[in-house]
Amino acid sequence: MKAGVIAVQGDVAEHAAAVRNAATAHGESAEVVTIRDSGTVPDCDVLLMPGGESTTISRLIHREGIASEIRDHVADGKPILATCAGLIVCSRDAKDDRVDALGVVDVSVDRNAFGRQKDSFEAPVPVEGLAEPFHAVFIRAPVIDDVGDGVETLSTVDGRSVAVRDGPVVATSFHPELTDDPRVHDLAFFPDAEVVA
Ligand code: GLN
């Protein structure tokens, strides 16, 4: 499996490690490449959109010509895991002129809805498809405030959606790459596997 981590900004190394762990758990190995320019996305089987700063990530992927490649990747039915700022960039509407959202996940988001840096928090959250709650790390996290018809909500916190699946894309408000637990990467890239313990 060739996995591309969009690496224009954000927590790239953590995603690379997590996708390797998820692949190993399925007896596969992942070749991980970091993506800063156009031309590599078309070779990738799966993509990861890290957390970071959505305004910066959005500006750079459009400038480098990666944005249209990501849209084509999804149109081909190939998986993406988008986390936090990655979710914001992948949404249909980020309600912020500085984010040229890709529209590959049919949700709108409220950036920083969970507050500023000091309001970052961690909590065990139940996730659809996982047998046990996932220890979720929220850092200046967005909330998903509108979900399109074809979108499955995978997790909520206080009644607010924090993880969704839209076709080949799984997107989370929290940072599954910041724990040693590969189950969300697993859900994104091995969706037909048995429920993960
Ligand atoms: N709040 C940040 C943004 O709007 C995202 C934070 C994160 O990815 N941890 O881009």
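One can find the structure itself at the top, above this paragraph.
Residues numbered from 1 in each chain as written. Predicted model: local features only at pLDDT ≥ 70, side-chain atom pairs only at ≥ 80, totals over all residues. Heavy atoms only, no water.

Peer 1: Would you take a moment to explain the site of the ligand for this structure?
Peer 2: What surrounds the ligand is the set Gly51, Gly52, Glu53, Ser54, Cys84, Ala85, Ile88, Arg111, Asn112, Ile139, Arg140 and His175. In this structure, an oxygen atom belonging to the ligand sits 2.9 Å away from a main-chain N or O atom of Gly52. Within the side chain of Arg111, one N or O atom sits 2.6 Å away from an oxygen atom of the ligand. Across the complex, the protein chains shield 98% of the 300 Å² of accessible surface that the ligand would expose by itself. (Near = heavy atom within 4 Å. Polar contact = N/O pair within 3.5 Å; in protein donor to acceptor, adjacent residues only side chain to side chain. Areas by Shrake-Rupley, 256 points an atom, 1.4 Å probe, with all protein chains shown as cover.)

Peer 1: Is there a simple way to explain the side chain of Arg165 in this structure?
Peer 2: Residue position: Arg165 is located in strand β11 (residues 160-166). Buried and unpaired, Arg165 has Glu152 as its nearest opposite-charge partner, separated by 4.1 Å. Separated by 3.0 Å, the side chain of Arg165 and the backbone oxygen of Leu187 make a polar contact. If near-sequence neighbours (up to four positions away) are discounted, Arg165 is found in contact with Gly150, Val151, Glu152, Leu154, Val170, Leu187 and Pro191. (Helix = DSSP H or I, 4+ residues; strand = E, 2+ residues; numbered from the N terminus. Buried < 20%, exposed > 50% of the residue type's maximum accessible area, 1.4 Å probe, protein only. Lys, Arg positive; Asp, Glu negative; His and termini not counted. Salt bridge = Lys/Arg side-chain N within 4 Å of Asp/Glu carboxyl O. Contact = heavy atoms within 4.5 Å.)

Peer 1: Got a minute to help me understand the pairing of strand β1 (residues 2-6) in this structure?
Peer 2: Two faces belong to every sheet, and in a regular strand the side chains alternate between them. Most of β1 sits inside the fold, with 5 of its 5 residues counted as buried. Along β1, one buried face is formed by Lys2, Gly4 and Ile6 and the opposite face, lined by Ala3 and Val5, is buried too. Assessed by its sense of winding, the connection that carries the chain from β1 through helix α1 (residues 12-25) to strand β2 (residues 31-35) is right-handed. (Right-handed = clockwise from strand over helix to strand, strands pointing away.)

Peer 1: Help me understand the packing of aromatic side chains in this model?
Peer 2: Counted by the stated rule, this structure contains 5 aromatic pairs. Ring geometry for Phe114 versus Phe138: centroids 5.5 Å apart, planes at 65 degrees, classification edge-to-face. Here Phe114, found in the loop between β6 (105-110) and β7 (121-125), pairs with Phe138, found in strand β8 (residues 134-138); they are 24 residues apart in sequence, far enough to count as distant. For the pair Phe114 and Phe138, one class covers both residues: buried. Taken together, the ring pairs connect Phe114, Phe121, Phe134, Phe138 and Phe174 into an aromatic cluster. (Phe/Tyr/Trp six-rings, centres within 6.5 Å; stacked < 30°, edge-to-face > 60°.)

Peer 1: For this particular structure, what's the right way to read the pattern of salt bridges?
Peer 2: Pairing is possible between side chains that carry opposite charge, provided their charged atoms lie close to one another. The tally for this structure, following the rule as stated, stands at 9 salt bridges. Of the charged contacts in the structure, one is a salt bridge between Asp96 and Arg111, with a shortest N-O distance of 2.6 Å. Within this pair, whereas Asp96 is found in the loop between β5 (91-93) and β6, its partner Arg111 is found in the loop between β6 and β7, the two being separated by 15 residues in sequence. A salt bridge links Arg183 to Asp181, with the nearest nitrogen and oxygen atoms 2.9 Å apart. The network of salt bridges with shared partners includes Glu53, Asp96, Arg98, Arg111 and Arg140.

Peer 1: What exactly am I supposed to notice about the environment of Phe138 here?
Peer 2: Looking at Phe138, the relative accessible area reads 1%, which means it is buried. Along the backbone, Phe138 and Leu178 are 40 residues apart, and their C-alpha atoms lie at a distance of 9.9 Å. Not counting the four nearest positions on each side in its chain, Phe138 is found in contact with Phe114, Ser120, Phe121, Val125, Val157, Val162, Ser173 and Phe174.

Peer 1: Please clarify how α1 should be interpreted in this entry.
Peer 2: An α-helix turns once every 3.6 residues. As a result, residues three or four positions apart point the same way. Between its first and last C-alpha atoms α1 spans 20 Å; for 14 residues at 1.5 Å apiece the expected length is 20 Å, and the two agree. Each element contacted by the buried residues of α1 is listed here: β1, β2, β3 (46-49), β4 (80-83) and α5 (183-189). One or two residues past the end of α1 sits Gly27, with phi positive at roughly 70 degrees. (Expected span 1.5 Å × (residues − 1).)

Peer 1: When you look at unusual backbone geometry in this model, what are you seeing that I'm missing?
Peer 2: Apart from glycine, the bulk of residues carry a negative phi angle, and the bulk of peptide bonds sit in the trans form. The residue Arg140 is not glycine, and still its phi comes out positive at about 40 degrees. Mapping Arg140 onto the fold places it in the loop between β8 and β9 (143-147). Using a relative accessible area of 26% as the deciding quantity, one classes Arg140 as partly exposed.

Peer 1: Help me out: how do you make sense of the pairing of β2 in this one?
Peer 2: One ladder, built from 5 bridges, connects β1 with β2; its direction is parallel. For Ile6, the partnering residue across the bridge sits in β2 and is Ile35. (Pairing = 2+ DSSP bridges.)

Remember that the coordinates give geometry; whether it matters functionally is a separate question.
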